[in-house]
Structures are given as structure tokens and as C-alpha cells.
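# Geometric and topological summary
The residues making up each chain are set out below.
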Amino acid sequence: MSKQFILTVDVGSSSTKTAVWNQHGTALAEATAPYTLDRPQPVWAEIDPNIWWQAISDTIQQVVSRAGIQANQIAGIGVDAIGWTLIPVDAAINPLAPAMIWLDRRAEEETAWLKSQPDAERFVSLSANPLDAAYITPKLLWLGKHKPEIFDTAHKFLEATGFVTARLTGEFICDFTQAYGYHFFDIQNERWDEAAAATIGVPLEKMPRLCSPMEIVGTVTAQAAADTGLCAGIPVIAGCLDAVVGALGSGVTRPGQTNEQGGQAGGLGISLDRVVVEPRLIFSHHVLPGQYILAAGTVGGGSLGWFRDQLGQVETAVSPLIQQNPFELFSLQASQSPPGANGLIFLPYMAGERTPLWSSVARGVFFGLSYSTTRADMLRAIMEGCAFAVYDNLQVAAEHGVTVDEYLGAGGATNSAVWCQIKADVYGRPFVVAQRADGGEGGHGLGLFAMTAHAVGLVDDIGDCVNSLLPKRRTYEPSPQNHAHYQALFQVYRSISRKLLDDFADLDRLQKSREA
């Protein structure tokens, strides 16, 4: 019986998505298992990793059954997962504590300590990433300080992809794309730095082996086969960070291409062939050899969801009657407002902001409200504000000589032609949505398929594979006149966002003192 199918597992913050693909890149079956994060304290965000494993086991059994294949026909397995996640495990790969995920900011004190160290700048330049509580390094310090018995007895410190790969194969690894969470990772030389680890206080014997995302690191063990319904011996690749495989699956296959993910946790990733150290942004390996991803992360994509919940009762009520979702109705209204939203600017910091501000206290702002402001203006201002947030990061990247050859969009926001056109006009370059033959977008699963199929020999060239699976292009050309107007408006946007940082901090202190 020929082995011609690929199994992909995408472990996200709120759900796990698993799929079976044939050798031509067609998804035969998909399954999703949702779960809920635990937030025992205000800035904590954690989950029992065993919940992930149960979700993976359940969805694997579902997709294999729905696809009508036998487990021994699967040629390889690829996994991606969320970043900046710490999971201490024993030698049997049992979690010793809940996984602290990327949303967890309990390690602010440890971050301040790292920033106070004489080697702080070296930590940043070594890993090409800023010192921030979201990263794994401060979480390791928090674990050592508050749970020393777990820190001392842990066999290995794993991140999310490494945990899943270990459960499947019994091998302890960390792929290059996930290693960016550690500030003792030498990103240039792809190794753990002994001096940095010693200074930070992390025993390197507790760290897993580093490897390429497409390395076949092992095969499914008997125990994993029993849990998942698979058969032992199926090859498993190291896997990678969800953001970078999402970029690959959206069409980013060569330097100069850029992917923007328009969603709750949005942002962009620019493929480069060199390391760029910019503490205001995020940097990691791409899954493709010799390429890196200079990334930005924004949180404003959920602003339209807030508008729907608080001010969109009419659209929510009528949407099932006219068979259009509220966001389509919002787009129609936004199209009635001119570029610049009649002088209304929106700061989309509804849950703080990641790059380039790195502020957990920044908040959303409508600037320029008047008696003549309409709902259409507010909706358009939200869309423009989210585009300005991404453009803010593009300006930072440009300071390092980074240029974009092709701007590729992905995520739910690409369903709005109005929003896509706004982005083209703000960025001043064509905004392209790469699509599958059926009109759907690529994404994590498609990227994982290409990686895994290449690793097991079903695909010769990853770039050719991805491009062939995304044959359609929907392109929005920028208007020079609108771009010039947006350039001027962006200067106001940027000025407001920086001037309000101290006020955001004061407001946060006042609110906390009132709640105490």
C-alpha cells in the first residue's frame, strides 16, 4: 500500500486544527478541537498541555476516518504551534506545570531584571529580539524564582511545537523558528550560547537539541500510536512556529515577499536573506533555508468585533435575514466614507499593542470625533487605523533598508474589498491576496503540507509547490492620490500614539488604584 498522504497539525491559542492531504495538496478531511485558556490571575495565560494532546489525538482520529484512508498510508506528519510558550517536562514528557503561552505577561519583574543586566544589549543582539515578558526567557526566570522545585527537577524545557513533536516521537528538539523565544539562542550561528545561558541562569543540559524545521526527527512511537490511532513508524518532521508556516502557506517563498495576517492577533512577516537586529520588531528563522522573517505583531484586528458587539446590534439582527454577515455590512458602510474618514483617526490599541510600541497599557482612541461623524466614518477609521498600525512597523523596517517586493494578504480581513483597498492605498503598493484554485486562501495547513511533503520526498521544491497550490491572485492597486493623503494622516496617527503613551500609563495606574 503506497504512502501518499500527509497529516498536518496546527496547535493554536484557542483550537487545534488537523488535516489529511493527498500528494497533490488537496485537503481530504479537516477537524478542529476548541479549548479555553486558564487565566488564574489578570496577566496570566496558561493551559494544561495534556489538553493539546487530547485535542490532537481526537482530531487525528477524526480526519483519518473522514478521509477514508488507513493510518499506514500516511507518509509524514508536520506540526506547527504558537510561539513564546514554556513547558517544563520530565523524562517521560509529562508536563510539570501548565504551559505559559505567548499571551502570558506574569514575568514583568524578571524582564526588568534582564534589562538591567550589563549583558542586556548582547542578549538582544544575540537573539535579534527584544527583552519582553511575552518571550520564554523571562518565563524561565519566573519559573526558577517561584517554582524552583519544578525548575530544578525538569528534564527539559520545551516550547509548544517541541512538546507535540516529543509526544509523537519521544525526541526532545527545538526547531530554529521557535528558538527565537530564548535570548541565549545565537540566531546567526544556530546554537545555544553557553555564556548567555550561564548569565541568565539556564542549564543547557535542560535544553533540547536545535534543528531545522524540515528535519525528520523521529517516527511515531507505540505510545503515540495508541493515543492517536496512528501506526508506529510514521516519519515526523521537527515542525515550526505557526506564524512562519502561515507566511509560507500564504505564498511567502522568497526574500522580499511579505505576508500580512489580518485577524485578532494580526501583523506581518517580511522574508529576508540576512539577520536584522531591531528591538522594536520580532525576528525569527523562516522555514526555508537561508531565509528569515522580520515580523510585526498587532492586536487591533479585533476592533471590528468590538464594534459589532457594542454598536452593531442592527447588523447582527438583520444579517441572518439577508444572508450577509455583519462584517460585510460594515464594509458596505465604510465604503460610503471617503479616505481619511472625514478627519477621524483610530488608534487600534484595544488590548495594548505589540510592535513597535510594546505597551500593555495603550488603549483604543477615536481622535477627531465631531457632530458630523457618522457610523461609516467610524468603521472606515477602524479599518484605516489597523492599516496604520501595520504601516508603523513597515516604517521601522525601512530604517534598516528592508524593502517589500510583493505584499501578500491573508486572514479574515481579506474578505473585505474595501479594507484591502485601504491597505493598498496606505502602504502605497499593490495588495495581493493569493488564493487556491477553489478561491480559498492558503495558510498554516497548506504551508505544513508543503514542508512535510518535501521532507518525505513527495515534493521536490517547496516554493514551486506552494505557488502551484495558490494559482489565483486578487490584486488591489494603490491610488497615488489616496496614498499621499494617507501619508499625511499617518504622521498625525504616529504623533498621537507616541504622545499618549505617558497618559495611557497614568490612566492604567488610576484604574488599578481604583480596583485595589
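A short tour of the structure in this document, coming up. These numbers were taken from a predicted model, which means no experiment stands behind them.

A word on the packing of helix H13 (residues 375-398) against helix H17 (residues 480-499). The geometry of H13 relative to H17 is characterised by a closest axis approach of 10 Å and an angle of 80° between their N-to-C directions. Judged by the angle between their axes, H13 and H17 are roughly perpendicular. Here H13 contributes Arg380, Glu384, Gly385, Phe388, Ala389, Tyr391, Asp392 and Gln395 to the contact with H17, which in turn contributes His483, Tyr486, Gln487, Leu489, Phe490, Tyr493, Arg494 and Arg498. Looking at the contact of H13 with H17 residue by residue, the classes come out as seven nonpolar, four polar and five charged.

Before going further, it helps to spend a moment on the layout of surface pockets. Quantified by volume, the second largest pocket comes out at close to 540 Å³. Lining the second largest pocket are 31 residues, and of these Leu304, Phe327, Gly412, Ala413 and Trp419 sit closest to its centre. Going through the elements one at a time, strand E16 (257-261), strand E17 (266-272), helix H10 (303-311), helix H12 (326-334), H13 and helix H14 (417-427) are the ones with two or more residues in the lining of the second largest pocket. Of the residues assigned to the lining of the second largest pocket, the class counts are twelve nonpolar, 16 polar and three charged.

Attention now goes to helix H4 (residues 136-146). With eight of eleven residues buried, H4 is to be regarded as a mostly interior element. Among all positions of H4, only Ile136, Thr137, Pro138, Lys139, Leu140, Leu141, Trp142 and Leu143 are buried.

Moving on: unusual backbone geometry. Cis geometry is found at the peptide bond from Thr355 to Pro356, where omega equals -10°. Position of Pro356 relative to the elements: it lies in the loop between strand E20 (345-347) and strand E21 (365-367). At Ala341, a position not held by glycine, the phi torsion is positive, near 50°. Accessibility expressed as a relative area gives 1% for Ala341, which makes it buried. Although it is not a glycine, Asn342 sits at a positive phi angle of roughly 55°. Tracing the sequence through the fold places Asn342 in the loop between H12 and E20. A relative accessible area of 55% places Asn342 in the exposed class.

Where strand E18 (residues 282-285) meets strand E19 (residues 292-298), four bridges bridge the pair, whose relative direction is antiparallel. Paired with Ile282 across the two strands is Ala295, which belongs to E19. The hairpin turn running from E18 into E19, its antiparallel successor, is six residues long, and Gly290 in that turn takes a positive phi close to 80°.

Before going further, it helps to spend a moment on the pairing of E19. Among the seven residues of E19, seven are classified as buried, and the element is accordingly described as predominantly covered. Residues Tyr292, Leu294, Ala296 and Thr298 of E19 are buried on one face, and the alternating residues Ile293, Ala295 and Gly297, pointing to the opposite face, are buried as well. Of the pairings in the sheet, the one linking E17 to E19 comprises seven bridges and is antiparallel in character. Across the sheet, the residue bridging to Ser271 is Ile293, located in E19.

This brings us to the pattern of salt bridges. Considering all chains together, one arrives at 22 salt bridges under this definition. Among the salt bridges present, the one from Arg105 reaches Asp132, with a minimum N-O distance of 2.9 Å. Of the two residues, Arg105 is situated in the loop between strand E7 (99-100) and helix H2 (108-116) and Asp132 in the loop between helix H3 (120-127) and H4; the sequence distance between them amounts to 27 residues. For Arg105, a relative accessible area of 21% corresponds to the partly exposed category. A relative accessible area of 6% means that Asp132 is categorised as buried. When the shortest N-O distance is used, the salt bridge between Asp186 and Arg191 registers 3.6 Å. Look at the salt bridges and you will find they share partners, linking Arg122, Asp186, Arg191 and Asp193 into a network.

We now examine helix H1 (residues 49-67). With 19 residues, H1 should reach 27 Å at 1.5 Å per residue; the first-to-last C-alpha distance of 27 Å fits that figure. Within H1, the full set of buried residues consists of Pro49, Trp52, Trp53, Ala55, Ile56, Ser57, Thr59, Ile60, Val63, Val64 and Ala67. Positive phi shows up at Gly68, right after H1, with a value of about 70°.

Parameters at a glance
- Residues numbered from 1 in each chain as written.
- Predicted model: local features only at pLDDT ≥ 70, side-chain atom pairs only at ≥ 80, totals over all residues.
- Heavy atoms only, no water.
- Axes fitted to C-alpha atoms, helices over the stretch in contact; angles between N-to-C directions.
- Helix = DSSP H or I, 4+ residues; strand = E, 2+ residues; numbered from the N terminus.
- Parallel < 35°, antiparallel > 145°, perpendicular 65-115°, else oblique.
- Contact = heavy atoms within 4.5 Å.
- Nonpolar A, V, L, I, M, F, W, Y, C, P; charged D, E, K, R; others polar.
- 1 Å grid on protein atoms, 1.4 Å probe; cavity = no way out; pocket = protein on both sides within 12 Å on 5 of 7 lines; lining within 4 Å.
- Points joined across faces, edges and corners; volume = space filled by probe spheres on them.
- Buried < 20%, exposed > 50% of the residue type's maximum accessible area, 1.4 Å probe, protein only.
- Pairing = 2+ DSSP bridges.
- Salt bridge = Lys/Arg side-chain N within 4 Å of Asp/Glu carboxyl O.
- Expected span 1.5 Å × (residues − 1).

Bear in mind that shape data such as this cannot, by itself, settle questions of function.
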